[in-house]
Amino acid sequence: MMLDLFDFYDKMERNNILLSFKGDITSELLTSILQIMESKMDNMQEEPKTKRKVYNVLVECLQNLYHHMDDAAADTGEKHRSAIFMIGKIDNKYNVITGNYILNENVSGLKSRLDEVNALTKEELKDYYKQVLNNGEMSLKGGGGLGMIDIARKTGEKLGYNFMAIDEKLSFFSLNIKISQQ
Amino acid sequence: MEKFSIEGTPKTPTINFDMASGFLEIKGRSIPENSIEFYKPLVDSLEKYATSPKTATNVNIQLEYFNTSSSKCILDVFKKLEAIHKGGSAVTINWHYEEDDEDMLEAGEDYQAIINVPFKMVQVEE
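Conventions adopted
- Sequence order as written defines the numbering, with residues in each chain counted from 1.
- Chains carry letters and ligands carry numbers; both start at the beginning, A for chains and 1 for ligands, and go up in the order they are written.
- A pLDDT threshold of at least 70 governs which residues receive local features in this predicted model, and a stricter bar of 80 or more applies before side-chain atom pairs are shown or counted, although totals over entire chains, interfaces and linings include all residues.
- As a convention, hydrogens and water are excluded, and side-chain values are obtained from all of the structure's heavy atoms.
- Strands here are runs of E lasting at least two residues and helices are runs of H or I lasting at least four, both read from the DSSP assignment and numbered beginning at the N terminus.
- Only the C-alpha atoms count toward the radius of gyration. The rule for a globule is 2.2 Å times the residue count to the power 0.38.
- Each residue's exposure class comes from its accessible area (1.4 Å probe, protein chains only) as a fraction of the maximum for that residue type: buried when under 20%, exposed when over 50%, partly exposed otherwise.
- The contact criterion used throughout is that any non-hydrogen atoms of two residues lie within 4.5 Å.
- Asp and Glu count as negative and Lys and Arg as positive, but His and the ends of the chain are not part of the count.
- All charge positions are set by atom: Lys at NZ, Arg at CZ, Asp at CG, Glu at CD.
- When a carboxyl oxygen of Asp or Glu is within 4 Å of a side-chain nitrogen of Lys or Arg, the pair counts as a salt bridge.
- In this scheme, patches are assembled from residues that exceed 30% relative accessible area and form no salt bridge. Like charges are connected within 9 Å, while nonpolar side chains (Val, Leu, Ile, Met, Phe, Trp, Tyr) are connected within 5 Å.
- Computed with the Shrake-Rupley method and a 1.4 Å probe, the accessible areas treat only the protein chains shown as cover for residues.
- Fitting a line to C-alpha atoms yields each axis, with helices limited to the stretch in contact; the angle taken between N-to-C directions then spans 0 to 180 degrees.
- Orientation categories follow fixed angle ranges, with anything under 35 degrees roughly parallel, anything over 145 roughly antiparallel, 65 to 115 roughly perpendicular, and all other angles oblique.
- Less than a right angle of anticlockwise turn of the near helix away from the far helix marks a crossing as left-handed, whereas a clockwise turn marks it as right-handed.
- Lys, Arg, Asp and Glu make up the charged group, whereas Ala, Val, Leu, Ile, Met, Phe, Trp, Tyr, Cys and Pro make up the nonpolar group; the residues left over, Gly among them, are polar.
- Using a 1.4 Å probe, buried area is obtained as the accessible area two parts lose upon being combined, added over both of them.

A.B. asks: Teacher, can you tell me more about the overall build of chain A here?
C.D. replies: Per the secondary structure count, chain A includes 6 helices and 5 strands. Since a compact globule built from 182 residues should have a radius of gyration of about 16 Å, the 17 Å found for chain A is in line with a globular shape. C-alpha atoms of chain A, sized along the principal axes, occupy 50 × 45 × 30 Å. The buried share of chain A, taken over its 182 residues, is 44%. A sequence separation of at least 24 residues applies to 68% of the contacts in chain A between residues at least 6 apart. Mean positive and mean negative side-chain charge positions of chain A (23 and 27 charges, respectively) differ by 5 Å.

Here it is, written out as structure tokens:
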């Protein structure tokens with residue numbers, strides 16, 4: 001294990017990872033991550049516009065993890081109540097990367113939602129956002145399906161994603177969001 | 001008539017609702033994990049206010065950030081205001097945004113397109 005540590009460090013260094021976390025995502029953790037990233041961006045003297053976009057994406061990505069942590073764990077055990085989060089900055093772009101377990105039965109639904117969002121233009125995203133905002137539906141957790149649309153709209157970038165099959169019940173879902181420096 | 005106030009936190013906004021003067025303000029950050037729970041008391045007070053509103057109702061929204069979970073709740077608040085407007089109180093929603101925050105301006109315009117209440121877009125300096 002110790003032998004791997006430098007390799008681990010080196011990869012993070014080369015990807016210019018500013019902050020990373022693996023484990024259970026709690027409300028307190030979200031508050032801390034947001035505070036740390038805000039002060040890091042202040043120290044880096046980032047433009048207010050960039051800070052706002054990164055902050056907004058972080059909130060949506062982390063709250064997605066927070067709200068969906070239980071889904072896989074409820075069926076397959078506490079070990080899967082865990083997620084990974086990283087934020088890095090390469091070539092004037094921030095990269096927000098998240099990974100979490102997802103039940104195989106939910107993969108195709110999520111994939112088609114992501115593809116749907118990725119296929120839309122800026123104007124179409126605006127209309128779609130308003131339509132979903134006003135459809136009266138609200139998930140118990142309050143998300144209501146707006147998160148991904150909002151991220152795509154604010155970043156102007158396609159949502160990068162991958163599903164990796166783990167076993168007959170679970171897959172690992174990773175999401176990669178890019179935010180250009182404004 | 002009474003006042004309804006909530007002190008702001010790093011994740012939730014300050015809310016002041018003075019029913020006697022018909023003034024409501026929401027300012028700060030609105031990024032709670034459970035926004036339905038947070039906004040319910042305000043929605044309830046608006047329902048109470050709707051039974052005998054003032055002739056004019058002024059609403060100031062000055063949010064620095066809000067998450068998508070709050071956006072549906074804010075729409076619910078605006079729908080209550082729309083009903084109050086229909087009921088005869090002249091409602092105005094003053095939507096504040098920082099001068100270079102196009103996303104916040106656009107968010108205000110989204111609500112303006114959905115809600116049948118006069119909106120004023122108010123630019124504030126950083």
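A.B. asks: Where do I start with the pattern of salt bridges in this structure?
C.D. replies: Side chains that differ in charge, positive against negative, can pair when their charged atoms come close. Scanning the entire structure with this criterion turns up 25 salt bridges over all chains. For K49 of chain A, the salt bridge goes to E102 of chain B, with nearest N and O atoms at 3.3 Å. Linking K49 of chain A in helix α3 (residues 48-76) with E102 of chain B in helix α3 (residues 102-114), this pair reaches from one chain into another. By relative accessible area, which is 27% here, K49 of chain A ends up partly exposed. Where E98 of chain B meets R52 of chain A, a salt bridge forms, and the shortest distance between an N and an O atom there is 3.0 Å. Highlighted residues: E98 of chain B in strand β5 (residues 90-98) and R52 of chain A in helix α3, drawn from two different chains. Using a relative accessible area of 28% as the deciding quantity, one classes E98 of chain B as partly exposed. When salt bridges that share partners are traced, they join K122, K126 and R153 of chain A together with E106 and D110 of chain B into one network.

A.B. asks: Mind showing me how you'd approach a negative patch on the surface here?
C.D. replies: There is a patch of like negative charges on the surface, built from E47 of chain A together with E99, E125 and E126 of chain B. Structurally, E125 of chain B is set in the segment after β6 (119-124).

A.B. asks: It is not clear to me how helix α6 (residues 147-155) of chain A should be interpreted in this structure. Could you clarify?
C.D. replies: For an α-helix, the turn length of 3.6 residues means that residues three or four places apart are oriented alike. A large share of α6 of chain A lies buried, amounting to 9 of its 9 residues. Considered for burial, the residues of α6 of chain A that qualify are G147, M148, I149, D150, I151, A152, R153, K154 and T155 of chain A. In this fold, the buried residues of α6 of chain A make contact with α3, α4 (104-118), α5 (122-133) and β5 (170-180) of chain A together with α2 (68-86) and α3 of chain B.

A.B. asks: I tried to follow the packing of α4 of chain A against α6 of chain A on my own but got confused; where do I start?
C.D. replies: Each packed pair of helices is defined by two parameters, the angle between the axes and the distance between the axes. Residue and element names in this part refer to chain A. Between α4 and α6, the shortest axis-to-axis distance is 10 Å and the interhelical angle comes to 30°. Compared by their axis directions, α4 and α6 come out roughly parallel. Crossing handedness for the pair α4 and α6: right-handed. Between α4 and α6, the residues in contact are R113, L114 and V117 and M148, I149 and A152, respectively. Residue composition of the contact of α4 with α6, by class: 5 nonpolar, no polar and 1 charged.

A.B. asks: Honestly, the interface of chain B and chain A in this entry has me stumped. Any pointers?
C.D. replies: The extent of an interface is frequently quoted as the accessible surface area lost upon association of the parts. The interface of chain B with chain A comprises 28 residues on the first partner and 38 residues on the second. For the pair chain B and chain A, the summed buried area comes to about 2800 Å², and 48% of that belongs to carbon and sulfur atoms. Taken together, chain B and chain A are joined by 11 salt bridges. Sorting the residues of the side of chain B that touches chain A by element identifies β4 (56-66), α2 and α3 of chain B as the ones contributing at least two each. Sorting elements by how many residues they give to the side of chain B that touches chain A places α3 of chain B first, with 8 residues. Residues that form the side of chain B that touches chain A fall into these classes: 10 nonpolar, 4 polar and 14 charged.

A.B. asks: I keep staring at the side chain of S71 of chain B and nothing clicks. Help me out?
C.D. replies: For S71 of chain B, the location among the structural elements is in helix α2. In contact with S71 of chain B, other than residues within four places in its own chain, are Y129, L133 and L146 of chain A together with F66 and Y111 of chain B.

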